[in-house]
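# Examining the three-dimensional arrangement
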Amino acid sequence: IYNLNLDFFQNNKDRIVHHYMFYSQTHPKTVKFPVTEFEFLTEDRLVQHIQFGDIQLVANYGSISYQFKDYEILGKSILFIDENGKPSYFDPENF
């Protein structure tokens, strides 16, 4: 969620477009299902797993990588696994 004015948008356009490109692909899929599972994967709660039917997201809010099954999730990034098992990654800072 952004509080936009023209100056903010012009200064953050690339970041906003980067976020939009990821979330416009994931939200239409996840909104169709209830949350079927949620868990903290680390004791400090910085890595979180959420599942919507067959769709999974793992958010790594920490600064170090985390291994989830066969996937390495870099710090400060998200792993999205779609209903067909296809993974994609989102790094909010690299755009």
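Relevant structure appears above.
Criteria and cut-off values
Residues numbered from 1 in each chain as written. Predicted model: local features only at pLDDT ≥ 70, side-chain atom pairs only at ≥ 80, totals over all residues. Heavy atoms only, no water. Helix = DSSP H or I, 4+ residues; strand = E, 2+ residues; numbered from the N terminus. Expected span 1.5 Å × (residues − 1). Buried < 20%, exposed > 50% of the residue type's maximum accessible area, 1.4 Å probe, protein only. Contact = heavy atoms within 4.5 Å. Polar contact = N/O pair within 3.5 Å; in protein donor to acceptor, adjacent residues only side chain to side chain.

### Details of helix α1 (residues 6–30)
With 25 residues, α1 ought to run about 36 Å at 1.5 Å a step, yet its terminal C-alpha atoms sit only 31 Å apart, falling short of that. Buried residues of α1: N12, I16, H18, H19, F22, T26 and T30, and no others. On its buried face, α1 sits against β2 (47–52), β3 (55–60), β6 (77–81) and β7 (87–90). Put simply, N5 is the residue that caps the front of α1, since its side-chain oxygen is 3.1 Å from the backbone nitrogen of D7.

### A short note on the side chain of D82
Looking at the secondary structure, you find D82 in the loop between β6 and β7. Residue classification places D82 among the buried residues on the basis of a relative accessible area of 8%. A distance of 2.9 Å separates a polar atom in the side chain of D82 from the backbone nitrogen of K86. Residues in contact with D82, not counting those within four places in the same chain, are K29, D54 and I55.

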